[in-house]
Amino acid sequence: MKLKEIYNKPIERAVNPAVSATKFDEETKWVEIQEYVFTDEIMNGLFRILDAIKNNRPYDHVGIWIDGYYGSGKSHFLKYLDYCITPGTQEVALNRFTETVKSIDPLDDTHSLQFDFREIESIANWLKRATIDTCIFNLETSYDNSTDKKKAFLHVFWNEFNGKRGFNKFNITMAQHLEKPLADKGVFEAFKKRIAEEGGDWNDPGMAADMIDNELSLVLDIAAELAPSLDKESIRERIIKRDTNMSIERFGGELAAYLKDKGDDYRLILLADEVSQFINKERDRYLNLQEIITKLSESCGNKVWVACTAQQDLSEIMDDCHIVEEKDKEGKIKGRFEVKVSLKGTQPEVITQKRILDKKEEVIDDLGDLYNQTKASFDLQFKLPATYKGYESKEDFIAYYPFVPYQFKLIMQVFNSFLNLGYVAKEVKGNERSIIKVIHSTAKANMDADLGKFISFDELYNNMFEEGLQARGQRAVNNAVQMARAYSTNPKLAVRVANVLFMICNISQTDQLVFPATLDNITSLLVNDVDTPRLNIKNDVEKVIDYLCDNNIIRREQSKQGAPETYQFYSEEEMRVATLIKTQQVDTNTQAEQLKDIFFKHFSNLRNKEQYKTRSFSVGVTIKQRFFLTTNNPDVQIEFAMDADWDNADQLALQNGAQNRLIFYIAPQFQANKRLFNNFYWFCQVQRYMATPVMNEDNANTRKEFQKRAAEVLSSHIIPEFQKILDSCPVISGMA
């Protein structure tokens, strides 16, 4: 069985996680209704709004505020609200909503619904008999920039209302002074027919605009023919000058007049998307919106509602607009939007799992069998920090397979950190939109894999992710990928390791405390089956890491208190400095100087004269053929033998003919300890590089970082390891 056969919906289908509030073709409507995922937060929000619209109480104002982070699903929520109201989509949208509520056991404490089935059923029945008009629009695309920004909301709302009445929604002067008078006199439809006889199409806003620009006299003649009392010249002047007396008072009056014969069960809902972006920290625009809500509440008897989506809550909007009010006035402003829905707590992983990874009923048993066969390997293969979940049950496995639950949390952390670092555009963020996109594209790329494959974390770094990288992010990873491709043993694995390192080395410092870039964690992120022994994967990964370290792509960082070492990416300047450090030639004098400091401190600071009872004697020290302390025939000559010039300590003892020679035979342990050997040599290279001229300010800052890291390696590893050797190595005294 192929992976594409396990999904409830075709995995190769197009999935657009970025919902447009103004796209309403039939395919889009069907997908957005059928694939909408109801979380408790979403269901509570839909109920709260629909209940307010139906009952007109207990609210004094008609503002609805829907906030959520970028990509949290605000536009989709707004459209689903519209689908529940609009006759053409109402039945299927409401049925999906009500059936979801009905399927939830009231005693199930994993849910937190603020209403019951009977309440939403009552609302659904009312919606089916009520008459509700909606205007859904994106403010940025509906606004005419040539108009007064202080009346920005009024202009857009009035245009949308005109469009709902069948008038032109792009030219408010034409709608108010030509079309509306014709409609009031009952001849608007006849007017449109006469225009058609002249070869025009008044229902086409573009053609209507062309006729106004090029054939205004003809248009006005036809209007006057049907309504002789119209003042053609006054209308002409107003249209040419775009002269309309726009006020919130007049708008409220027009709406009130419109509602007179509509009945108790009529509602008009203005659904405005991206309000916070439209306000854009402009105080006048915010106050214009507030005043409109106030007037509609007064004039329209709670039959006209305004629902707004925004990335910020009302307090944040007020702060951005520098609106400082006394507490009672602030409450008054916020009170215009008494119905509030926040989507900030939406769980992207839950929505993605249900929308993308939902499984066919007929494969549930097969997945259950796969779980039973492989569950013993999960803890071994997916060794993860405690807060990153693997599969906790068979149901968990069926829901998330072929992905592993921890991947959703970790990729969100990667996205958010990359955004903060400027590696990606704001569209790539740890939200519902980005998670749906990356999970769908990865599942689609693996659709022809056989059942039994697990998608590893590095596979989330796919084309979708790479295409989202800004130049800064590309520079940060390109050197690593190019170096990985040159890894002769297994370039494919090396690139996978480089991608994983790039992701987890760049999560926030807080997240790195919980999920550090250790060898074990990197290995877990690369597991894509449960049959390959983990130790084999780990050994191969370690070789790649050594290769990347040797080539100055990443660096090792010593951890404290016995924790495993971690890895970090070098910056571009750090790579350059690291390469220069690697070119430093370290002679025996440099090594001897550094070893002297370590050894002398271990023996409580050796001196050239030592006292034993009543006798004093001179002391000389030899390290790497370099003499310290007393250099001319000392009474005691201490030698730290660093080179393996003898087969063993016994052979050295036999050849030690000098009575005053005391030898610490360090060589075998030092040269066997490759990590100590390499760290010490690198430490000496750093000291040599620090003696070279400083190039610029960036170079000076980078030098400080390397000096700091070298000091950490010295204190946390080099000194302790040498102390262990000095305390345990053979000590050979002279022959009597």
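What you see is a predicted model, and the numbers here were worked out from it, not measured in a lab.

A separate point is the overall build of the protein. When you go through the protein residue by residue, the secondary structure sums to 34 helices and 13 strands. The C-alpha atoms of the protein give a radius of gyration of 37 Å, which is well past the 27 Å a tight globule of 736 residues would have. Along the first, second and third principal axes, the C-alpha atoms of the protein reach 135 × 60 × 55 Å. Counting across all 736 residues of the protein, residues that qualify as buried make up 52%. Long-range contacts, defined here as pairs at least 24 residues apart, represent 71% of the contacts in the protein between residues at least 6 apart. With an accessible surface of roughly 34700 Å², the protein has 46% of that area assigned to carbon and sulfur atoms. Treating the 93 positive side-chain charges of the protein as one cloud and the 110 negative ones as another, the clouds have centres 4 Å apart.

Right, let's talk about the layout of surface pockets for a bit. Volume-wise, the largest pocket comes out at about 950 Å³. Forming the walls of the largest pocket are 35 residues, and the residues nearest its centre are Gln509, Gln512, Arg555, Glu557 and Gln568. Counting residues per element, the ones that place at least two in the lining of the largest pocket are α24 (471–485), α26 (509–514), β6 (554–557), β7 (566–569), α29 (572–582) and α34 (697–728). Here the element with the most residues in the lining of the largest pocket is α34; it accounts for 6 residues. Here the second largest pocket is characterised by a volume of approximately 750 Å³. Residue lining of the second largest pocket: 24 residues in total, with Val37, Phe38, Val350, Gln353 and Lys354 positioned closest to the centre.

It is worth spelling out the environment of Ala484 at this point. In this fold, Ala484 is placed in helix α24. Sequence separation of Ala484 and Phe418 is 66 residues, and the distance between their C-alpha atoms is 21 Å. With residues up to four places along the chain from it excluded, the contact list for Ala484 reads Pro491, Ala494, Val495, Ala498 and Tyr547.

For strand β2 (residues 131–138), the tally of buried residues reaches 6 of 8 residues, placing the bulk of the element in the interior. Inspection of the sheet shows β2 paired to strand β3 (residues 266–273) by 8 bridges, in the parallel sense. Within β3, the position partnered with Cys135 by the bridge is Leu270.

With that settled, consider empty space enclosed by the protein. Taken as a whole, this structure holds 2 cavities of 30 Å³ or more when the rule is applied. Counted as a void, the largest cavity has a volume near 40 Å³. In this structure, the largest cavity is lined by Tyr36, Val37, Ile42, Ser72, Gly73, Leu343, Ile351 and Glu432. For the lining of the largest cavity, a count of residues per class yields 5 nonpolar, 2 polar and 1 charged. A volume near 40 Å³ is recorded for the second largest cavity. What lines the second largest cavity is simply Glu35, Tyr36, Val37, His76, Ile351, Arg355, Glu432 and Ile436.

Buried residues dominate β3, accounting for 8 of its 8 residues. By the alternation rule, side chains of β3 split into Tyr266, Leu268, Leu270 and Ala272 and Arg267, Ile269, Leu271 and Asp273, which are all buried.

Across the sheet, 5 strands lie side by side as β2-β3-β4-β1-β5; this open sheet has parallel pairing. The open sheet terminates on both sides in strands that have one partner only, identified here as β2 and β5 (339–342). Within the sheet, the average angular offset between the axes of one strand and its neighbour, ignoring direction, is 15°. Its contacts with the sheet put helix α2 (residues 40–55) on β1 (63–67), β3, β4 (304–310) and β5, and the angle it makes with β5 is roughly 165°. In the packing of helix α15 (residues 283–299) onto the sheet, the strands contacted are β1 and β4, and the crossing angle to β4 comes to about 155°.

With that settled, consider the nonpolar core. Counting 208 residues, the largest nonpolar core has Phe157, Phe457, Phe599, Ile666 and Phe722 as the members making the most contacts within it. Per-element tally for this core: the top contributor is helix α25 (residues 491–504), with 10 residues. Sequence-distant contacts of Ile666, defined by excluding residues within four places in its chain, comprise Phe599, Phe640, Ala641, Met642, Ile725, Leu726 and Cys729. With 22 residues, the next largest nonpolar core counts Leu178, Ile195, Ala208 and Ala223 among its residues.

Following the criterion strictly, the structure yields 41 salt bridges and no others. Put simply, Arg165 and Glu254 hold a salt bridge, and the shortest N to O gap is 3.0 Å. On the criterion of sequence distance, the pair formed by Arg165 in the loop between α7 (152–164) and α8 (172–184) and Glu254 in helix α13 (residues 248–259) is long-range, its members being 89 residues apart. Assessed through its relative accessible area of 11%, Glu254 is described here as buried. Notably, a salt bridge pairs Arg556 with Asp546, separated by 2.2 Å at the nearest N-O pair. In this pair, Arg556 sits in strand β6 while Asp546 sits in helix α28 (residues 534–550), placing the two residues 10 residues apart along the sequence. Three or more residues are tied together by salt bridges with common partners; here these are Arg555, Glu557, Glu574, Glu705 and Arg709.

Definitions and limits used
Residues numbered from 1 in each chain as written. Predicted model: local features only at pLDDT ≥ 70, side-chain atom pairs only at ≥ 80, totals over all residues. Heavy atoms only, no water. Helix = DSSP H or I, 4+ residues; strand = E, 2+ residues; numbered from the N terminus. Rg over C-alpha atoms; globule rule 2.2 N^0.38 Å. Buried < 20%, exposed > 50% of the residue type's maximum accessible area, 1.4 Å probe, protein only. Contact = heavy atoms within 4.5 Å. Areas by Shrake-Rupley, 256 points an atom, 1.4 Å probe, with all protein chains shown as cover. Lys, Arg positive; Asp, Glu negative; His and termini not counted. Charge placed at Lys NZ, Arg CZ, Asp CG, Glu CD. 1 Å grid on protein atoms, 1.4 Å probe; cavity = no way out; pocket = protein on both sides within 12 Å on 5 of 7 lines; lining within 4 Å. Points joined across faces, edges and corners; volume = space filled by probe spheres on them. Pairing = 2+ DSSP bridges. Nonpolar A, V, L, I, M, F, W, Y, C, P; charged D, E, K, R; others polar. Axes fitted to C-alpha atoms, helices over the stretch in contact; angles between N-to-C directions. Core = buried A, V, L, I, M, F, W, Y, C linked by side-chain atoms within 4.5 Å. Salt bridge = Lys/Arg side-chain N within 4 Å of Asp/Glu carboxyl O.

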